[in-house]
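# Geometric and topological summary
One letter stands for each residue in the lines below.
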Amino acid sequence: MSNPIIERELSYGAHNYEPLPVVLVRGEGVHVWDDAGNRYIDMMSAYSAVSHGHCHPRLVRVLQEQAGKLNIVSRAFYTDKLGVFLKKVCDLTGFQSALPMNTGAEAVETALKAARKWAYTCKGVPKDKAEIIACAGNFHGRTITIVGMSTVPQYKAGFGPFPEGFKVIPYGDAAQLENAITSNTAAFLVEPIIGEGGIVVPPAGYLKACAEICKKHNVLMICDEIQTGLGRTGKLLAFQHEGIKPDAVVLGKALGGGLLPVSLFLSSKEVMSVFTPGDHGSTFGGNPLAAAVGNAALDVLIEEKLIERAEKTGAYFQQQLKGIPSKLIKDVRGKGLLIGLEIDESYPAHDICLKLLKHGILTKETHHTVIRFAPPLIISEEQIDAAVKSLQEVFADIEAEMKVKQ
Ligand SMILES: *Cc1c(COP(=O)(O)O)cnc(C)c1O
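An account of the accompanying structure is given in this report. Not measured: the values here are computed from a predicted model. (Residues numbered from 1 in each chain as written. Predicted model: local features only at pLDDT ≥ 70, side-chain atom pairs only at ≥ 80, totals over all residues. Heavy atoms only, no water.)

## So, the side chain of Ser326
The residue Ser326 is located in the loop between helix H12 (306-322) and strand E11 (329-335) in this model. By relative accessible area, Ser326 is classed as buried at 11%. Within the structure, Ser326 has its side chain in polar contact with the side chain of Glu399 (distance 2.7 Å). (Helix = DSSP H or I, 4+ residues; strand = E, 2+ residues; numbered from the N terminus. Buried < 20%, exposed > 50% of the residue type's maximum accessible area, 1.4 Å probe, protein only. Polar contact = N/O pair within 3.5 Å; in protein donor to acceptor, adjacent residues only side chain to side chain.)

## Comments concerning the packing of aromatic side chains
Throughout the structure, instances matching the rule amount to four aromatic pairs. With 5.8 Å between their ring centres and 75° between their planes, Phe317 and Phe373 make a pair best called edge-to-face. Of this pair, Phe317 sits in helix H12 while Phe373 is found in strand E15 (residues 370-373), placing the two residues 56 residues apart along the sequence. Note on accessibility: Phe317 and Phe373 belong to one class, buried. The lysine or arginine in question, Lys156, covers the ring of Phe162, its NZ or CZ lying 5.2 Å from the ring centre. (Phe/Tyr/Trp six-rings, centres within 6.5 Å; stacked < 30°, edge-to-face > 60°. Lys NZ or Arg CZ within 6 Å of the ring centre and 35° of its normal.)

## A few points about the sheet that holds strand E9 (residues 248-251)
Strand order in the open sheet made by the seven strands is E4-E10-E9-E8-E7-E5-E6, with mixed pairing throughout. Edge positions in the sheet fall to strand E4 (97-101) and strand E6 (166-169), since each has one partner strand and no second. Ignoring strand direction, the axes of neighbouring strands in this sheet form an average angle of 20°. As judged from the four bridges shared by E9 and strand E10 (residues 263-267), these two strands associate in the antiparallel manner. Its bridge partner being in E10, Val249 is matched across the sheet by Leu266. Along the sheet face, helix H4 (residues 82-93) touches E4, E9 and E10 and points at about 55° away from the line of E10. With respect to the sheet, helix H9 (residues 206-216) is in contact with strand E5 (131-135), strand E7 (185-190) and strand E8 (220-224), its orientation differing from that of E7 by roughly 170°. (Pairing = 2+ DSSP bridges. Axes fitted to C-alpha atoms, helices over the stretch in contact; angles between N-to-C directions. Contact = heavy atoms within 4.5 Å.)

## A word on the packing of H12 against helix H14 (residues 381-405)
Between H12 and H14, the least distance of the axes is 10 Å, while the angle of their chain directions is 20°. As summarised for this structure, H12 and H14 are arranged roughly parallel, according to the angle between their axes. The element H12 and its partner H14 pack so that their crossing is right-handed. From H12, Lys312, Thr313, Tyr316, Phe317, Gln320 and Leu321 reach across to H14, where they touch Glu381, Ile384, Asp385, Val388 and Leu391. For the contact of H12 with H14, the residue count by class is six nonpolar, two polar and three charged. (Parallel < 35°, antiparallel > 145°, perpendicular 65-115°, else oblique. Left-handed = near helix turned anticlockwise from the far one by under 90°. Nonpolar A, V, L, I, M, F, W, Y, C, P; charged D, E, K, R; others polar.)

## Thoughts on the site of the ligand
In the vicinity of the ligand, the contacting residues are Thr103, Gly104, Ala105, Phe139, His140, Gly141, Glu191, Asp224, Ile226, Gln227 and Lys253. Residue Gln227 places a side-chain N or O atom 2.8 Å away from an oxygen atom belonging to the ligand. Here an oxygen atom of the ligand sits 2.6 Å away from a polar atom, N or O, in the side chain of Lys253. Considering the ligand on its own, with 380 Å² of exposed area, one finds that the protein chains cover 82% of that surface. (Near = heavy atom within 4 Å. Areas by Shrake-Rupley, 256 points an atom, 1.4 Å probe, with all protein chains shown as cover.)

## Structural notes on the nonpolar core
What tends to happen in soluble globular proteins is that the nonpolar side chains get buried as a cluster. Membership of the largest hydrophobic core comes to 88 residues, with the highest contact counts inside it found for Phe188 and Phe373. Each of two domains, domain 1 (4-51 + 305-405) and domain 2 (57-303), supplies a minimum of three residues to this core. (Core = buried A, V, L, I, M, F, W, Y, C linked by side-chain atoms within 4.5 Å. Domains from an automatic or database assignment.)

## So, H4
A turn of α-helix holds 3.6 residues, and therefore any two residues three or four places apart point the same way. With 12 residues, H4 extends 17 Å from end C-alpha to end C-alpha; this agrees with the ideal 16 Å at 1.5 Å per step. Listing the buried residues of H4 in full gives Leu82, Phe85, Leu86, Val89, Cys90 and Thr93. Along H4, the residues classed as buried sweep out an arc of 125° about the axis, all on the same side. Across H4 from its buried face, at more than 90 degrees, point the exposed residues Lys87 and Asp91. (Expected span 1.5 Å × (residues − 1). Arc of directions from axis to C-beta.)

## Concerning helix H13 (residues 349-358)
Listing the buried residues of H13 in full gives Ala349, Ile352, Cys353, Leu356 and Leu357. Angular distribution of buried residues about the axis of H13 spans 145°; they occupy a single face of the element. Considering only its buried residues, H13 is in contact with strand E3 (39-42), strand E12 (338-343), strand E13 (361-362), strand E14 (365-366), E15 and H14. Backbone geometry just downstream of H13 places Gly360 in the positive-phi region, at approximately 80°.

## Quick word on the environment of Ile222
Tracing the chain through its elements places Ile222 in strand E8. Its relative accessible area of 2% is what places Ile222 among the buried residues. In the structure, Ile222 is positioned 24 residues away from Pro246 in sequence and 6.1 Å away in space, judged by C-alpha atoms. The residues contacting Ile222, other than those within four sequence positions of it, are Ala111, Ala115, Ala187, Phe188, Leu189, Val190, Ala248 and Val250.

So this is what it looks like as structure tokens:
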């Protein structure tokens, strides 16, 4: 059954993705519709970029108003929107200074540059000797430097050589961090919960222990909260579950309210002061359209209590998922509305996603055996009940199918 819309995209586009066979044409709240008018509940939220729901009316209004007023002027000039946005995000998160970029990968690159320059100018690391420690299973984006830190062979294969100065240690074991630190270590880059790498929640106390180790050795702890941040896990920032405050944080995805790419690197004035005019930049980073939308996205997050909702509905959703009787489900894990369902290897998680699609649920496997459930944070318990009902049907079908085969 070929769809000409899909055929056209496949014939003119690079095949660096393998989309599910559905053509989406409209979105509203937690739902999207395909070109035949079928409605789906979005359990992907564009990898958590759509935490506010699709086409949030207030955010669309801000976008439209700003689009008719002033959009892109570059950072060669001041605008009336950028400072307002940066102050808001600093006040909310407790960091002193912010550097705006567009995509997550650019904000991670910014963090790496800041950490290296801080190591040379503040810590006294000899020229070109700075080291950055990352974790196995990480996902920080797709630039050559960033995939150089990856432990997923496919992300790197064919793209070398990679920059030097990176070390990878196992995730979830703070002693390994302490072993890996040398006098040249600039920073430790870590996801509070590994997202793309399979929704991996580290043992309780891990981040707290890492924060203490980093402090002891004068190493910057940088949390990549591009996926876990802004309420996704039931706290504004996921590191708050452990009552810590890292030296820096990277935000993206939901910061753009599901409308635009907006990312930030946030840190102290000391770290940020390593950047001087001309050191680093972005043509589009911090543009007034992005700043206006990002600012409103933060307002909506607070005013609509999306953080509290994620905590409450996330716990409810996890509990419902744990109640699905299927031998194929090996684990249900996550925090708030960042949930992974680990599927037994004997059944391809991708095939389950195809079946879910037929039942009106959009999601995608990550890491081959984990199905991600990360709906917009505005989802209601009734909508979760409806999704769980479809999930029960799909798993019951699969169980029946497997019995026939035996
Ligand atoms: C998505 C993601 C990124 C990369 O963001 P892009 O906007 O795709 O460049 C980086 N880190 C984490 C944790 C992510 O989930």
